[in-house]
Amino acid sequence: MATLQYISGFGNECASEDPRCPGALPEGQNNPQVCPYNLYAEQLSGSAFTCPRSTNKRSWLYRILPSVSHKPFESTDQGHVTNNWDEVDPDPNQLRWKPFEIPKASQKKVDFVSGLHTLCGAGDIRSNNGLAVHIFLCNTSMGDRCFYNSDGDFLIVPQKGKLLIYTEFGKMIVQPNEICVIQNVSPFNVVAWHGNYTPYKYNLENFMVINAVAYDHADPSIFTVLTAKSLRPGVAIADFVIFPPRWGVADKTFRPPYYHRNCMSEFMGLIKGHYEAKEGGFLPGGGSLHSTMTPHGPDAECFEKASKAKLVPERIADGTMAFMFESSLSMAVTKWGLKTSHCLDDNYYKCWEPLKSHFTPNSRSPAGPK
């Protein structure tokens, strides 16, 4: 793939123009009566017009034709993309999926759009409040067709293979262990742009890890990379959280993720490596969902090992990158996720079956590591 140059700085005011049309960006204003090169000025708003300037998100694009110039949209087969959260009965169980299989191009060519499969989600697209988790399984280019997502920003977390993404603001190469967020309509006719509401990518290896250096766990929010806020302060429609390589040094502490129930829903995926709390069945390219108040935690093997381990400083999760979408909404699973995909791990619950009682009613002192 080609070597690309990127504009750095999250949330900055940035600008770019096609080098074949120098001076395409208007000087000193956004919307001149006649734009350079006779282009059309078009604003993209990512926030309400009445937002304070410090939180206002918008960009100006200078196009050969404005986005409004298109023939009427036509209905098409939506495939496995859905927002019907009631097509199957709610399932309160702990759910885990084996790695989803990418179709072979020699058997069936599948691009990004036709390869989208909605796994779970919640909310209402009409009120613009909610989220959906999709699995994308593609093996061929989009060619000359583009994807327009009017429901919200699109966070893409690739697990296998590189993506060359054409956006209205330029091209991005996104590979495993990187993420990108895009607002995408037709990318074919933009000559210049400026603003602070743009697609962006981020290398997860650059995330600065914060951790406990005395005892117990710090709140898991220390691993939050991105947040989609709700109307309630501190409560997210979706937090994007990662569990990167780091040092574990906490004394007198059970160091792996502890057993818990959560008023949030937690969807987890694994980009590479072995997740520290479940090294067996949680595999790269798969996923898990623990719905609101569904109990979960380390498997039996992890618990026994960590309970007896000598608490010396140790590296955790080297060569691994797990991630989580945590949401205040109660996510429902689609029919494709539960049945059609044939990837649901029916034996997930068995990873906790070997857990046994260590209760010592006549002795308060716990047995520590030797």
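Parameters and conventions
Residues numbered from 1 in each chain as written. Predicted model: local features only at pLDDT ≥ 70, side-chain atom pairs only at ≥ 80, totals over all residues. Heavy atoms only, no water. Buried < 20%, exposed > 50% of the residue type's maximum accessible area, 1.4 Å probe, protein only. Helix = DSSP H or I, 4+ residues; strand = E, 2+ residues; numbered from the N terminus. Pairing = 2+ DSSP bridges. Salt bridge = Lys/Arg side-chain N within 4 Å of Asp/Glu carboxyl O. Core = buried A, V, L, I, M, F, W, Y, C linked by side-chain atoms within 4.5 Å. Contact = heavy atoms within 4.5 Å.

A.B. asks: How should I be thinking about the pairing of strand β11 (residues 190–195) in this particular structure?
C.D. replies: Side-chain positions along a regular strand alternate between the two faces of the sheet. Most of β11 sits inside the fold, with six of its six residues counted as buried. The pairing of strand β1 (residues 14–17) with β11 spans four bridges and is classified as antiparallel. Bridge pairing links Glu17 to Ala192 in β11. Strand direction decides the pairing type here: strand β3 (residues 58–63) and β11, joined by five bridges, are antiparallel. Paired with Trp60 across the two strands is His194, which belongs to β11.

A.B. asks: Could you clarify how one ought to interpret the pattern of salt bridges in this entry?
C.D. replies: Between side chains of opposite charge, a pair can form when the charged atoms approach closely. Taken as a whole and judged by the stated rule, the model has 10 salt bridges. Between Arg20 and Asp18 there is a salt bridge, with the nearest N and O atoms lying 2.7 Å from each other. One salt bridge connects Arg63 with Glu42, and the closest N-O pair in it is separated by 3.4 Å. Pair noted here: Arg63 is in strand β3 and Glu42 is in strand β2 (residues 40–45), with a separation of 21 residues, a long-range link.

A.B. asks: Would you explain the nonpolar core in this entry?
C.D. replies: Proteins that are soluble and globular tend to have nonpolar side chains buried together. Within the largest apolar cluster, 43 residues are counted, with the highest numbers of intra-cluster contacts made by Trp97, Phe240 and Phe267. Put simply, the parts of the chain that give this core at least two residues each are β4 (95–97), β5 (116–124), β6 (129–136), β10 (178–182), β14 (236–243), β16 (265–272), β19 (321–327) and α2 (335–340). Among the elements that make up this core, the one with the highest residue count is β14 (six residues). Ignoring sequence-local partners within four residues, the contact set of Phe240 consists of Leu155, Val157, Ile179, Leu204, Phe223, Thr224, Val225, Leu226, Phe323, Met324 and Phe325. Counting residues in each nonpolar core, the second largest holds 10 residues, with Phe112, Leu116, Val174 and Cys180 among its members.

A.B. asks: Is there a simple way to think about the environment of Phe223 in this case?
C.D. replies: With respect to the helices and strands, the residue Phe223 is situated in the loop between β12 (200–203) and β13 (224–229). In this structure the C-alpha to C-alpha distance between Phe223 and Lys98, which are 125 residues apart in sequence, comes to 25 Å. Beyond its immediate chain neighbours, meaning those up to four positions away, Phe223 contacts Phe207, Val209, Ile210, Phe240, Val241, Ile242, Phe243, Pro244 and Arg246.

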